[in-house]
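Here's the letter readout for the chains.
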Amino acid sequence: MTTPSGGLLQLEKLQKYFPIRNVWKRHIGWLKAVDDVSLTVERGEILGIVGESGCGKSTLGKTVMGIHRPTGGRIVFKGHDITDLKPHQSRELRRELQYTYQDPGASLDPRWKIGKLLDEPLVIHTDLSSARRRERVHDILSAVGLPEGHLDLYPHEISGGQQRRVGLARILTLKPSLVVLDEPTSGLDVSVQATVLNLFLDLQKQFDLTYVFISHDLSVVRMICDRVAVMYLGKVVELGTTERLFGAPRHPYTRSLLSAIPEIGKQRITDTFWLEGEPPDPGNLPSGCRFRTRCPLAAPGCAAETPPLVEHLPGHADACLFSDRAVPEA
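The structure contained in this document is the topic of the report that follows.

Notes on the overall build of the protein chain
So, point 1. Each helix and strand counted, the protein chain has 10 helices and 12 strands in total.
So, point 2. For the protein chain, the C-alpha atoms occupy an extent of roughly 70 × 55 × 45 Å along the three principal directions.
So, point 3. The buried share of the protein chain, taken over its 330 residues, is 50%.
So, point 4. Looking at the protein chain alone, contacts between residues at least 24 apart form 63% of all its contacts between residues at least 6 apart.
So, point 5. Accessible surface, the protein chain as shown: approximately 16400 Å² in total, 50% of it carbon and sulfur.

Structure, rendered in structure tokens:
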């Protein structure tokens, strides 16, 4: 798929491979967690990344952030290639590119009070005076809906939902342009999920944010995202607007995922749920299409070549040689 120009973030054939070693520590292969992923994130949108556990979606987010060093490809942020920047070179750009972890409590130092946790990024990345830092911390704390009294509490003294708010406040103090949200609603009660999701939308408008929303919860993704990228074993197999992808998915893997979504007041759809068994060993991938070992549409040609991500419809791309056969009849 051709990468459009002008996006806030562009990924060009991004790769992240992890070495596989035997018991003698000898290198025997590669685990291709992210393999030739090309995406563009437009300014102001919410791009969802979905897929089964182990598909590479979290690794993709961490590679974009620089937590993992890319094996290949390019990361372009605001027109700047940040793929191989040294820490001192990337500090100014990286402050505009922030990441929230799946476990918010683990990302907060338990020995520090919340006030100090929110002040630390400003000390490192800005030259603001102590009074200006206190002012910004209070403003951000109010924006995420937490009372001023929480500044004197430790992370273990607040709930999981409040910890997520503190995590958001911590990155918002630096006024980022793009935030990678990694499973931001996992482990939360449904009522708390709704509150957190509304907070994301309110903060997006207030601070002019762009989100990359990584989640396994397809119902949440459908509600909050503008576009969705579906990943399978390190590759994007379908990419399109949320409305089109959920309404008329083209790739058989996407259709299988969506058929498993329960709907309130309706029986779970199972007649088209094709997924059986576990994905192949990521260290020993099948030839050609990686989904062919679980796909009912698989043909001999699927083993011969890896299908590219092609835009068959305007704004909607898929990586299947027989995607037209996967689309249900109107």
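Concerning the packing of helix 5 (residues 160-172) against helix 6 (residues 190-207)
So, point 1. Helix 6 packs onto helix 5 with a crossing angle of 15° between their chain directions and a minimal axis gap of 11 Å. By the angle class used here, helix 5 and helix 6 are roughly parallel. Once helix 5 is placed against helix 6, the crossing between them reads as right-handed. Of the residues in helix 6, those touching helix 5 at Gly-161, Arg-165, Leu-168 and Leu-172 are Val-192, Thr-195, Leu-199, Phe-200, Leu-203 and Phe-207.
So, point 2. Looking at side-chain class alone, the contact of helix 5 with helix 6 contains 7 nonpolar, 2 polar and 1 charged residues.

Topic: the pattern of salt bridges
So, point 1. All told, the structure shown has 12 salt bridges when counted by the stated rule.
So, point 2. The closest approach of N and O atoms between Asp-35 and Arg-290, which form a salt bridge, is 2.3 Å. With Asp-35 in strand 2 (residues 27-41) and Arg-290 in the loop between helix 9 (252-259) and strand 11 (310-313), the pair connects residues that are 255 residues apart, well separated along the chain. For the pair Asp-35 and Arg-290, one class covers both residues: buried.

Points about the sheet that holds strand 4 (residues 72-77)
So, point 1. A sheet is described by the order of its strands in space; here 4 strands give the open sequence 2-1-4-5, paired in antiparallel fashion. Both outer strands of the open sheet, strand 2 and strand 5 (80-81), are each paired with one neighbouring strand and no more.
So, point 2. For strand 4 and strand 5, the ladder comprises 2 bridges, and the chain directions are antiparallel. Pairing of Val-76 across the sheet is with Asp-81, part of strand 5.
So, point 3. Each of strand 1 (9-21), strand 2 and strand 4 touches helix 1 (residues 57-65); the most contacted strand, strand 1, lies at about 110° to it.

Here we look at the packing of aromatic side chains
Geometry of an aromatic ring pair is reported as the spacing of the ring centres plus the angle between the planes.
So, point 1. Per the counting criterion, the structure on display carries 7 aromatic pairs.
So, point 2. Ring geometry for Tyr-232 versus Phe-291: centroids 5.2 Å apart, planes at 85°, classification edge-to-face. Pair noted here: Tyr-232 is in strand 9 (residues 227-232) and Phe-291 is in the loop between helix 9 and strand 11, with a separation of 59 residues, a long-range link.
So, point 3. Grouped by ring-pair contacts, the aromatic residues Phe-200, Tyr-211 and Phe-213 constitute a single cluster.

Describing unusual backbone geometry
So, point 1. Not every positive phi belongs to a glycine, and Asp-208 is a case in point at roughly 55°.
So, point 2. For Asp-208, the position within the fold is in the loop between helix 6 and strand 8 (210-214).
So, point 3. Looking at Asp-208, the relative accessible area reads 53%, which means it is exposed.
So, point 4. Even without a glycine there, the phi angle at Leu-233 is positive, about 50°.
So, point 5. You can see Leu-233 is positioned in the loop between strand 9 and strand 10 (235-241).
So, point 6. Given the relative accessible area of 6%, Leu-233 is considered buried.

Points about helix 3 (residues 114-125)
Note on helix geometry: an α-helix contains 3.6 residues per turn, so any two residues three or four positions apart are oriented the same way.
So, point 1. Within helix 3 the residues assigned to the buried category are Ile-114, Gly-115, Leu-117, Leu-118, Pro-121 and Leu-122.
So, point 2. Looking at the buried residues of helix 3, the elements they touch are helix 4 (130-143) and helix 5.

Focus: the side chain of Thr-83
So, point 1. Looking at the secondary structure, you find Thr-83 in the loop between strand 5 and helix 2 (87-94).
So, point 2. Separated by 2.7 Å, the side chain of Thr-83 and the backbone nitrogen of Ile-75 make a polar contact.
So, point 3. Separated by 2.6 Å, the side chains of Thr-83 and Asp-81 make a polar contact.
So, point 4. Those residues in contact with Thr-83 that lie beyond four places of it in its chain are Pro-70, Gly-73, Arg-74 and Ile-75.

Re the nonpolar core
The tendency in soluble globular proteins is for nonpolar side chains to be buried side by side.
So, point 1. Counting residues in each nonpolar core, the largest one holds 54 residues, and the members touching the most others are Phe-200, Leu-203 and Phe-213.
So, point 2. Those residues in contact with Phe-200 that sit more than four places away from it in its chain are Leu-168, Leu-181, Pro-184, Tyr-211, Phe-213 and Ile-224.

Scoring rules and cut-offs
- In this numbering scheme, every chain counts its residues from 1 along its sequence in written order.
- It should be noted that, the model being predicted, local features are given only for residues of pLDDT at least 70 and side-chain atom pairs only at 80 or more, the latter also being counted only at that level, while totals for whole chains, interfaces and linings use all residues.
- As a rule here, side-chain values come from all non-hydrogen atoms in the structure, and water together with hydrogens is ignored.
- Starting at the N terminus, helices and strands are each numbered in turn, a helix being any DSSP run of H or I of at least four residues and a strand any DSSP run of E of at least two.
- Each residue's exposure class comes from its accessible area (1.4 Å probe, protein chains only) as a fraction of the maximum for that residue type: buried when under 20%, exposed when over 50%, partly exposed otherwise.
- The criterion used for residue contact is that any of the two residues' heavy atoms lie within 4.5 Å.
- Per-residue and other accessible areas were derived by the Shrake-Rupley procedure at a 1.4 Å probe size, with only the shown protein chains allowed to occlude residues.
- Every axis in this analysis is a line fitted to C-alpha atoms, fitted for helices over the stretch in contact. Angles between the N-to-C directions lie between 0 and 180 degrees.
- For classification, angles of less than 35 degrees are called roughly parallel, those exceeding 145 degrees roughly antiparallel, those between 65 and 115 degrees roughly perpendicular, and all remaining angles oblique.
- Each crossing gets its handedness from the near helix: less than a right angle anticlockwise from the far helix is left-handed, clockwise is right-handed.
- All residues other than Ala, Val, Leu, Ile, Met, Phe, Trp, Tyr, Cys, Pro, Asp, Glu, Lys and Arg, Gly among them, are scored as polar; the first ten of these are nonpolar and the last four charged.
- Salt bridge, as used here: a side-chain nitrogen of Lys or Arg that lies within 4 Å of a carboxyl oxygen of Asp or Glu.
- The pairing criterion for strands is at least two bridges between them, as found by DSSP.
- Only rings of Phe, Tyr and Trp enter the pairing, Trp through its six-membered ring, and a pair is recorded when the two centres are within 6.5 Å. The plane angle decides the type: under 30 degrees is stacked, over 60 is edge-to-face, the rest tilted.
- Polar contact is defined as a pair of N or O atoms within 3.5 Å, subject to the rule that within protein one atom must be able to donate a hydrogen and the other to accept it, and that residues adjacent in sequence are counted only when both atoms are side-chain atoms.
- In these notes, a set of buried Ala, Val, Leu, Ile, Met, Phe, Trp, Tyr and Cys residues joined through side-chain atoms within 4.5 Å is what counts as a nonpolar core.

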